[in-house]
Amino acid sequence: MPVRWLVALWSAALLVSLSAARASTQDSAPAPAQSSSTPATSSENGQRYSHANDFLIRGTVFTSHAISFPGVQLRIRRSGEKKFRWEDRTNSRGEFAIRVPQGSQYEMVVRARGFADQAKTIDAHSGAGQDNVVFRMEPVKGGRK
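Residues numbered from 1 in each chain as written. Predicted model: local features only at pLDDT ≥ 70, side-chain atom pairs only at ≥ 80, totals over all residues. Heavy atoms only, no water.

### Considerations on the sheet that holds strand E2 (residues 73-78)
- Here we have four strands laid out as an open sheet, ordered E3-E2-E5-E6, and antiparallel in their pairing. The sheet is open, and its two edges are formed by strand E3 (86-89) and strand E6 (118-123), each paired on a single side. Strand-to-strand twist of the sheet, defined as the mean angle between neighbouring strand axes without regard to direction, takes the value 20 degrees.
- When E2 meets E3, the two strands line up antiparallel, connected through four bridges. Within the sheet, the bridge partner assigned to Arg-75 lies in E3 and is Glu-87. (Pairing = 2+ DSSP bridges. Helix = DSSP H or I, 4+ residues; strand = E, 2+ residues; numbered from the N terminus. Axes fitted to C-alpha atoms, helices over the stretch in contact; angles between N-to-C directions.)

### Topic: the pairing of strand E4 (residues 95-100)
- With burial as the criterion, only one face of E4 is covered, namely that bearing Phe-96, Ile-98 and Val-100; the residues Glu-95, Ala-97 and Arg-99 on the opposite face remain uncovered.
- By the bridge criterion, six bridges tie strand E1 (residues 55-62) to E4 in an arrangement that is antiparallel. By the bridge assignment for E4, Ile-57 is matched with Ile-98. (Buried < 20%, exposed > 50% of the residue type's maximum accessible area, 1.4 Å probe, protein only.)

### Quick look at the side chain of Ser-104
- Looking at the element boundaries, Ser-104 is found in the loop between E4 and strand E5 (105-111).
- Owing to a relative accessible area of 18%, Ser-104 belongs among the buried residues under this scheme.
- Once residues within four sequence positions are removed from consideration, Ser-104 is found in contact with Arg-78, Ile-122, Asp-123, Ala-124 and His-125. (Contact = heavy atoms within 4.5 Å.)

### Notes on the packing of aromatic side chains
- Counted according to the given criterion, the structure contains two aromatic pairs.
- On the basis of an interplanar angle of 70 degrees and a centroid distance of 5.0 Å, the ring pair of Phe-69 and Phe-115 is categorised as edge-to-face. Here the residue Phe-69 occupies a position in the loop between E1 and E2, and Phe-115 occupies one in the loop between E5 and E6, the gap between them amounting to 46 residues.
- Classification of Phe-69 as buried rests on a relative accessible area of 14%.
- On the numbers, 5.5 Å between centres and 80 degrees between planes, the contact of Trp-86 with Tyr-106 is edge-to-face. Taken together, the residues Trp-86 in strand E3 and Tyr-106 in strand E5 connect sequence positions 20 residues apart. (Phe/Tyr/Trp six-rings, centres within 6.5 Å; stacked < 30°, edge-to-face > 60°.)

### So, the nonpolar core
- Core analysis: the largest hydrophobic core is formed by 21 residues, its most contacted members being Ile-57, Val-61, Ile-76, Phe-96, Val-100 and Met-108.
- Going through the elements one at a time, E1, E2, E4, E5 and strand E7 (130-136) are the ones with two or more residues in this core.
- Those residues in contact with Val-100 that lie beyond four places of it in its chain are Asp-54, Phe-55, Ile-57, Ile-76, Trp-86 and Tyr-106. (Core = buried A, V, L, I, M, F, W, Y, C linked by side-chain atoms within 4.5 Å.)

### Here we look at the sheet that holds E7
- As summarised here, the arrangement of the three strands in space is E4-E1-E7, forming an open sheet in which the pairing is mixed. Edge strands, defined here as strands with exactly one partner in the open sheet, are E4 and E7. Geometrically, the sheet is characterised by an average inter-axis angle of 20 degrees between neighbouring strands, direction not taken into account.

Purely spatial values, then, with no claim about function.
Okay, here's the thing in C-alpha cells:
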C-alpha cells in the first residue's frame, strides 16, 4: 500500500509541473518589438542593415585522402584588401557557412597545420545568394609548416 501512495504522489507532482509549464507558455506575452527610433545596426548611409540580402559562402574541407577535415581555419576578405574581416573554423564534419555582404568579390584562404594554404575567389555579385566551395587540402612537401 505505501508503494501505491508513492506512485500516486509522484504522478500528481508530474501532472502539476506539466500543467504549470503549459500555462506559463500560453500566458507569456511576446517580447515587445524594438522601437523604430533606435535601429539595431546601421550601415554607413544610415539605413538599417538586414541579413536578408547577405551572400552565403558554404562548403566542405577534405584531407588529401577525401576525409572531412574538422578545425580548419577559414579567413575571408574583400578582394584587394589586406585585412581579413571574417574568420571561422570548420565544424566536426569539415563543413562551414559564412555570411558576407552581397555585391563584392571575396578571397577565401584556408589554413591547416601541416597542409599547404589554399585560396579561392568567391564572386558575391550573382543573384543566387550563395556559393558552395570545396577544398581538398594537400600536405606540405618536405615537412611541417
